[in-house]
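Structure at a glance
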Amino acid sequence: MKLSGGVEWALHCCVVLTAASRPVPAARLAELHDVSPSYLAKQMQALSRAGLVRSVQGKTGGYVLTRQAAEITLLDVVQAVDGPDPAFVCTEIRRRGPMATPPEKCTRPCAIARAMGAAEAAWRASLAGTTIADLVASVEGDSGPDALPGIGTWLTAGADAPAGTDAP
């Protein structure tokens, strides 16, 4: 399954938003992750349209998660950014060419479509079974319990915050 790069950025943003004590501007998230602000803003807008984050207006505005991290799955984020369409779409190739199978004999999906459908179902189930909270726990396990709080402080403190914290 090929995902757009926007999925990765959106997942990183969801993880770090769990550590922020107030709304975080998209420009600040872009600075943290060293990505184009306009590109990241598109990903945040996709998350907002899906109801995973909301934009808070005003001088201290920015983005916040709309639900607890344990209630947002990786599948939610993937579908918000890349859409809900299946990765594999059967075009009924077996009905084409000189040895085509007649439509009346095609009473169920072919073996290829069934195998690809099963693989996609397993992939989606895995994404649906993993939450942003699971990722937060992994980041804490990998980088230590101070990593995300340090990022949260940096995100909400402004440009003069201490540097040197690795972002998830």
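Before reading further, recall that the structure is shown in the block above.
Model, not experiment: these values are computed from the prediction. (Residues numbered from 1 in each chain as written. Predicted model: local features only at pLDDT ≥ 70, side-chain atom pairs only at ≥ 80, totals over all residues. Heavy atoms only, no water.)

Here we look at the packing of aromatic side chains
Applying the stated rule across the entire model yields 0 aromatic pairs. The positively charged end of Arg28 is found above the aromatic ring belonging to Trp154, 3.5 Å away from the centroid. (Phe/Tyr/Trp six-rings, centres within 6.5 Å; stacked < 30°, edge-to-face > 60°. Lys NZ or Arg CZ within 6 Å of the ring centre and 35° of its normal.)

Comments concerning the packing of helix H3 (residues 37-49) against helix H4 (residues 74-82)
Contact geometry of H3 with H4 gives a least axis separation of 8 Å together with a crossing angle of 115°. Here H4 runs roughly perpendicular to H3, going by the angle between their axes. Where H3 crosses over H4, the handedness of that crossing is right-handed. Across from Gln43, Ala46 and Leu47 in H3, the residues of H4 making contact are Val77, Ala80 and Val81. In the contact of H3 with H4, the residues fall into 5 nonpolar, 1 polar and no charged. (Axes fitted to C-alpha atoms, helices over the stretch in contact; angles between N-to-C directions. Helix = DSSP H or I, 4+ residues; strand = E, 2+ residues; numbered from the N terminus. Parallel < 35°, antiparallel > 145°, perpendicular 65-115°, else oblique. Left-handed = near helix turned anticlockwise from the far one by under 90°. Contact = heavy atoms within 4.5 Å. Nonpolar A, V, L, I, M, F, W, Y, C, P; charged D, E, K, R; others polar.)

Some thoughts on helix H7 (residues 147-157)
Each α-helix turn comprises 3.6 residues. Residues three or four places apart therefore point the same way. All buried positions along H7 are accounted for by Ala147, Leu148, Ile151, Gly152, Trp154, Leu155 and Thr156. Buried residues along H7 sit against helix H1 (5-17), helix H2 (26-33) and helix H6 (132-143). (Buried < 20%, exposed > 50% of the residue type's maximum accessible area, 1.4 Å probe, protein only.)

What about the nonpolar core?
Leu17, Leu29, Met44, Leu47, Val77, Ile132 and Leu155 are the most contacted members of the largest nonpolar core, which has 39 residues in total. Of all the elements in the fold, those that place two or more residues in this core are H1, H2, H3, strand E2 (62-65), H4, H6 and H7. Non-local contacts of Met44, meaning those with residues more than four positions away in its chain, are made with Cys13, Leu17, Ala26, Leu29, Val53 and Tyr63. (Core = buried A, V, L, I, M, F, W, Y, C linked by side-chain atoms within 4.5 Å.)

Regarding the pairing of E2
Relative to E2, strand E1 (residues 53-56) is paired through 4 bridges, and the arrangement is antiparallel. The partner of Val53 across the bridge, within E2, is Leu65. In textbook terms, the turn of a hairpin is the stretch between consecutive antiparallel strands, and for E1 and E2 this stretch comprises 5 residues, one of which, Gly58, has a positive phi near 115°. (Pairing = 2+ DSSP bridges.)

With respect to unusual backbone geometry
Unusually for a residue other than glycine, Asp34 sits at a positive phi of about 55°. Residue position: Asp34 is located in the loop between H2 and H3. For Asp34, a relative accessible area of 71% puts it in the exposed group. The phi dihedral of Glu92 falls on the positive side, at around 55°, and the residue is not glycine. One can find Glu92 in the loop between H4 and helix H5 (111-128).

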